[in-house]
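Now for the letters of each chain:
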Amino acid sequence: MNATALFAKTPPFKLFFLASIPGAISMLASALYQTFDGIFVGHFAGATAFAAINLAMPFVIINFSLADLIGVGSSVPISIALGKKQEQEANNLFTCACLMIVGTGIIIGALLFAAAPLLIQLMGAQGEFADLAVQYIRVYAISSPVTTIVFAMDNFLRICGRIRTSMFLNIFMSVLSAVLEFLFLGVFRWGVWAAALATCAGMFITALLAVVPFFMGKNLLHFCRPRFSVGMIRQIIACGSPNFLNNIAGRITSILLNAILVRMGGETAVSVYGVLMYTDGFIQPLLYGMCDSLQPAVGYNWGAGKISRVRAIEKCCFIASGIISLLAVVVILLFPGQITGLFMADASAEVMALSIGALQLFAITYITRWFSFATQSYMLAIEKPLPASIISVSTALVFPVLLIGVLWPLGLTGIWLNFAGTALLAAILSAVILLKLRGELFQPDHT
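Everything numeric in this text was worked out from a predicted model, so none of it was measured.

Draft legend 1. Structural context of the overall build of the protein. From N to C terminus, the protein includes 16 helices and zero strands. With the principal axes as the frame, the protein shows a C-alpha extent of 65 × 45 × 35 Å. A total of 447 residues make up the protein; the buried ones form 57% of that total. Here the analysis covers contacts within the protein between residues at least 6 apart in sequence; of these, 83% occur between residues at least 24 apart. Surface accessibility of the protein: about 17,700 Å² in total, with carbon and sulfur atoms responsible for 71%. Distance from the positive charge centre (23 side chains) to the negative charge centre (17 side chains) of the protein: 14 Å.

Okay, here's the thing in structure tokens:
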């Protein structure tokens, strides 16, 4: 469907399903692959390799954080510019963003490759545990220049109204990566580095397929002669800061938690934390897929001055996020043993009991987590990076670190309760922000 007609004329309830269902399916495919990634590594490479990739994962995500900053940071002003009928400005933002992502991929990848051994050593890992983590990080670092753009292209396709194309490419990437990983680990019996190689290969091939329509001029957005400016770069950084800060702050928190877990319970505690993160990696992408897929429509209508339409779209987003989160609570509480078994098939009775207890406490997180997630997405879509950043940093770093100190006497139980406590505090903060902005959010449409 033509992007303008889709965003401006489709009834909000219908638009929600047209945009959010493909977005949720895309993220579900990604989440399924992440789940299989953990299963393949745990079953084919062993417990030490599984712990190693969980130790390395925060650094891998940091590798993508700057690309995500630029991709998300450019998507918001691009959508708003299109709503204002400023097509030339939108194309320039798109072109400059793509060049910036490739450039940062080269720089960050090189730094991460060189620093990987020191970073893992500082985490307290030694021997084979440390070696496997370094191998995993370095594959992502080498591939960084040609893989980090894939998620930005996904955003740009949705802005152009090519929602189903985005969905099919995400499914293709997940299936291809899973097949390659099974082949590399299960058939060829290569090391843990091959798990990273499979993912990077899938991302690279998908990025190539995604960028072709833009070069051929078949999309609403197209490449043009780039015109960089300080104001444009500042705008991209401001709009991308919430996601960037969330990635960085969240990874700092993960690194801190991993370091504490290594000292509290060794590889076992890190592995249980990995089970929690893989579980979250299945649920959070569904929320992200719904909210993120609606951002182009929200931004377009905000730029066009259709405030009531923005509210109607966001109402659907909040309700759906709450329903998915509450369903997640039920599933985790009913099947903690089965979830643990997916990633640690040979877990002892003691490890199984530890993981089940952690999952039961972790499930409480989703009673309130959805509210701050949807609010942050809302603020970002209407180009309000400051409140979005406040929610982001508080959720990813401030509240978790604060609660580490408060819950420290509880030991590992305090770590597992940290997530639920953080979600509750973030929901309260989000409610305060929405109340303070209610005058602007409920203003009449601009004619």
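Here the narrative resumes, following the displayed structure.
Draft legend 2. Structural view of the nonpolar core. I78, I120, Y136, M153, F156, L221 and M379 are the most contacted members of the largest nonpolar core, which has 139 residues in total. Ranked by residue count, the leading element in this core is helix α9 (residues 230-303), at 25 residues. If we skip the residues at most four places from it in the chain, I120 touches L55, F59, A125, A130, A133, V134 and I137. Formed by five residues, the second largest nonpolar core is a distinct cluster that contains V72, V76, I80 and L380.

Draft legend 3. Expanded view of helix α2 (residues 12-45). Here α2 is 34 residues long and its end C-alpha atoms lie 47 Å apart, about the 50 Å a rise of 1.5 Å per residue gives. Considering bend angle alone, the principal kink of α2 is centred on S20 and spans about 25°; proline P22 follows within four residues of it. Positive backbone phi, at 105°, marks G46, one or two positions downstream of α2.

Draft legend 4. A nonpolar patch on the surface, seen in detail. On the surface, a nonpolar cluster with roughly 580 Å² of combined accessible area is contributed by F182, L183, V187, F188, W190, W193 and L197. Listed by contribution, the elements that provide at least two residues to the nonpolar patch are α7 (163-187) and α8 (193-215). Positionally, L183 belongs in helix α7. Since its relative accessible area comes to 30%, L183 is described here as partly exposed.

Draft legend 5. Focus on the packing of helix α4 (residues 87-122) against helix α5 (residues 127-147). The contact between α4 and α5 brings their axes to 7 Å, and the two run at 170°. Considering the angle they form, α4 stands roughly antiparallel to α5. Contacts from V102, G105, I106, G109, L112, F113, A114, A116, P117 and I120 of α4 reach α5 at A130, A133, V134, I137, R138, A141, I142, S144 and P145.

Draft legend 6. A look at the packing of helix α13 (residues 369-381) against helix α14 (residues 385-407). Relative orientation of the contacting elements α13 and α14 amounts to 145°, with a least axis distance of 8 Å. Along this stretch, α13 crosses α14, giving a crossing that reads as left-handed. Along the contact surface, α13 presents R369, S372, T375, Q376, M379 and L380, while α14 presents P387, A388, I391, S392 and T395. Classifying every residue of the contact of α13 with α14 gives five nonpolar, five polar and one charged.

Draft legend 7. Representation of the layout of surface pockets in the model. Volume-wise, the largest pocket comes out at about 340 Å³. For the largest pocket, the lining is made up of 17 residues, of which T279, F282, I283, V331 and I339 are closest to its centre. Elements with a contribution of two residues or more to the lining of the largest pocket: α2, α9, α10 (307-334) and α11 (336-343). In terms of residue class, the lining of the largest pocket is built from 15 nonpolar, two polar and no charged.

Draft legend 8. Representation of the environment of T340 within the structure. Relative to the assigned elements, T340 resides in helix α11. According to the relative accessible area criterion, T340 is buried, its value standing at 0%. Measuring from C-alpha to C-alpha, the distance between T340 and V275 comes to 6.5 Å, with 65 residues separating the pair along the chain. Discounting residues that sit within four places of it in the chain, T340 has contacts with V275, M352, S355, I356 and L359.

Draft legend 9. Representation of the pattern of salt bridges in the model. Enumeration according to the criterion identifies three salt bridges in this entry. When the shortest N-O distance is used, the salt bridge between R158 and D154 registers 2.5 Å. Taken together, the residues R158 and D154, both in helix α6 (residues 150-159) and four residues apart, mark about one turn of the helix. We classify R158 as buried; its relative accessible area is 6%. Among the residues examined, D154 registers a relative accessible area of 10% and is labelled buried.

Draft legend 10. Fine view of unusual backbone geometry. Backbone geometry places K85, a non-glycine residue, at a positive phi of 65°. With respect to the element layout, K85 can be found in the loop between α3 (47-83) and α4.

Draft legend 11. Structural view of empty space enclosed by the protein. A complete count under the given rule lists five cavities of 30 Å³ or more for this structure. Surrounding the second largest cavity, V72, S75, V76, S79, N155, R158, I159, D292, Q295, P296 and A381 form its lining. Of all elements in the fold, only α3, α6 and α9 reach the threshold of two or more residues within the lining of the second largest cavity. The dominant element in the lining of the second largest cavity, judged by the number of residues it contributes, is α3, at four residues. Residue composition of the lining of the second largest cavity, grouped by class: five nonpolar, four polar and two charged.

Parameters at a glance
- Residues numbered from 1 in each chain as written.
- Predicted model: local features only at pLDDT ≥ 70, side-chain atom pairs only at ≥ 80, totals over all residues.
- Heavy atoms only, no water.
- Helix = DSSP H or I, 4+ residues; strand = E, 2+ residues; numbered from the N terminus.
- Buried < 20%, exposed > 50% of the residue type's maximum accessible area, 1.4 Å probe, protein only.
- Contact = heavy atoms within 4.5 Å.
- Areas by Shrake-Rupley, 256 points an atom, 1.4 Å probe, with all protein chains shown as cover.
- Lys, Arg positive; Asp, Glu negative; His and termini not counted.
- Charge placed at Lys NZ, Arg CZ, Asp CG, Glu CD.
- Core = buried A, V, L, I, M, F, W, Y, C linked by side-chain atoms within 4.5 Å.
- Expected span 1.5 Å × (residues − 1).
- Bend = angle between axes of the 7 residues up to and from the residue.
- Patch = residues over 30% accessible without salt bridge, like charges linked within 9 Å, V, L, I, M, F, W, Y side chains within 5 Å.
- Salt bridge = Lys/Arg side-chain N within 4 Å of Asp/Glu carboxyl O.
- Axes fitted to C-alpha atoms, helices over the stretch in contact; angles between N-to-C directions.
- Parallel < 35°, antiparallel > 145°, perpendicular 65-115°, else oblique.
- Left-handed = near helix turned anticlockwise from the far one by under 90°.
- Nonpolar A, V, L, I, M, F, W, Y, C, P; charged D, E, K, R; others polar.
- 1 Å grid on protein atoms, 1.4 Å probe; cavity = no way out; pocket = protein on both sides within 12 Å on 5 of 7 lines; lining within 4 Å.
- Points joined across faces, edges and corners; volume = space filled by probe spheres on them.

So, to be careful, I would describe these as geometric facts and stop short of saying anything about function.
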